[in-house]
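Here's the letter readout for the chains.
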Amino acid sequence: MENTLQNNFLIAMPGIQNPVFKKSVIYICEHNKEGAMGIIINKPLKTLKIKHLLKKLNIKTSSCLCGPKIQDAVIMGGPQAQERGFILHSSNQLFYSSIRISEKIVITTSRDILESIAMLEQPMNVLVALGYCTWDKNQLEQELLNNFWLTTTANQTILFNTPMKKKWIQASKIIGIDIYKLSIYFGHS
């Protein structure tokens, strides 16, 4: 597919009121003629941190629980399969079920990455999510035509190092837009 959105952000337009997608930024992991799959990157689960997830999975952690990633919140990656974990991370390490999305970003679903996080040996950048977003054939393209989303090439700083509450605004700034100045109404002129 020529116009793939893989390794791009979808930025929710201000008019989206569905609480799952309102003010969301979605990292597109796969986009082809069959559909698309992505992970919401800015909706932290308020009651679940990575250290709690590791404990629930009986993964022994390093005696030092002060590592920067272990204190991070787990993200609500989307409404599909919310019991499944998806870890977006930098490509400096690969694991059993790692799939390269771009030269610098990988997604992994195997337990071995969680074990590396527990031992503070994780990749340089890590985002742990439960669930994902999916679109059927031509569904995402139709949503784009309906002005539900803005798109831009993914940015590692926003993906991994921007505070959750600022990702929506910062992602829109990549394309030179003040998201708060856009109309909340959908349509075409």
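Just so it is clear, the structure is predicted and the values come from calculations on it, not from any experiment.

J.: Pulling in residues and values, what's your account of helix α5 (residues 167-174)?
T.: What sets the pattern is the α-helix's 3.6 residues per turn: residues three or four places apart point alike. Restricting attention to buried positions, one finds in α5 the residues Lys167, Trp168, Ala171 and Ser172. For α5, the arc enclosing every buried residue in end-on projection is 130°, short of the 170-degree limit, so these residues lie on one face. Looking at the packing, one finds that the buried side of α5 touches β1 (8-12), β2 (25-32), β9 (126-135), β10 (149-153) and α4 (156-161). Within two residues after α5, Gly176 carries a phi angle of roughly 75°, on the positive side.

J.: How would you summarise the nonpolar core if you had to cite specific residues and measurements?
T.: If you look at the biggest cluster of nonpolar residues, it comprises 39 residues, and the most contacted ones within it are Phe9, Tyr27 and Leu88. The residues touching Leu88, leaving out its near neighbours within four places in the chain, are Tyr27, Cys29, Ile39, Ile41, Ile101, Val106, Ile107, Asn125, Val126, Leu127, Leu159 and Phe160. Grouped together as the second largest cluster of nonpolar side chains are 15 residues, Ile59, Ala118, Val128 and Leu130 included.

J.: Explain helix α2 (residues 111-118) to me, using residue names and the numbers behind them.
T.: Inspection of α2 places Ile113, Leu114, Ser116, Ile117 and Ala118 among the buried residues, and these make up the whole buried set. Contact partners of the buried residues in α2: α1 (50-56), β6 (80-90), β8 (105-108) and β9. Positive phi shows up at Leu120, right after α2, with a value of about 60°.

J.: Tell me about the packing of aromatic side chains, residues and numbers included.
T.: Per the counting criterion, the structure on display carries three aromatic pairs. On the numbers, 6.3 Å between centres and 70° between planes, the contact of Phe9 with Tyr27 is edge-to-face. Taken together, the residues Phe9 in strand β1 and Tyr27 in strand β2 connect sequence positions 18 residues apart. Residue class for Tyr27 comes out buried when judged on its relative accessible area of 0%. Ring centres of Phe21 and Trp149 lie 6.0 Å apart, and the angle between their planes is 90°; this geometry places the pair in the edge-to-face category. Pair noted here: Phe21 is in the loop between β1 and β2 and Trp149 is in strand β10, with a separation of 128 residues, a long-range link. Per residue, the accessibility class of Phe21 equals that of Trp149, and both read buried.

Quick notes on the rules
- Residues numbered from 1 in each chain as written.
- Predicted model: local features only at pLDDT ≥ 70, side-chain atom pairs only at ≥ 80, totals over all residues.
- Heavy atoms only, no water.
- Buried < 20%, exposed > 50% of the residue type's maximum accessible area, 1.4 Å probe, protein only.
- Helix = DSSP H or I, 4+ residues; strand = E, 2+ residues; numbered from the N terminus.
- Arc of directions from axis to C-beta.
- Contact = heavy atoms within 4.5 Å.
- Core = buried A, V, L, I, M, F, W, Y, C linked by side-chain atoms within 4.5 Å.
- Phe/Tyr/Trp six-rings, centres within 6.5 Å; stacked < 30°, edge-to-face > 60°.

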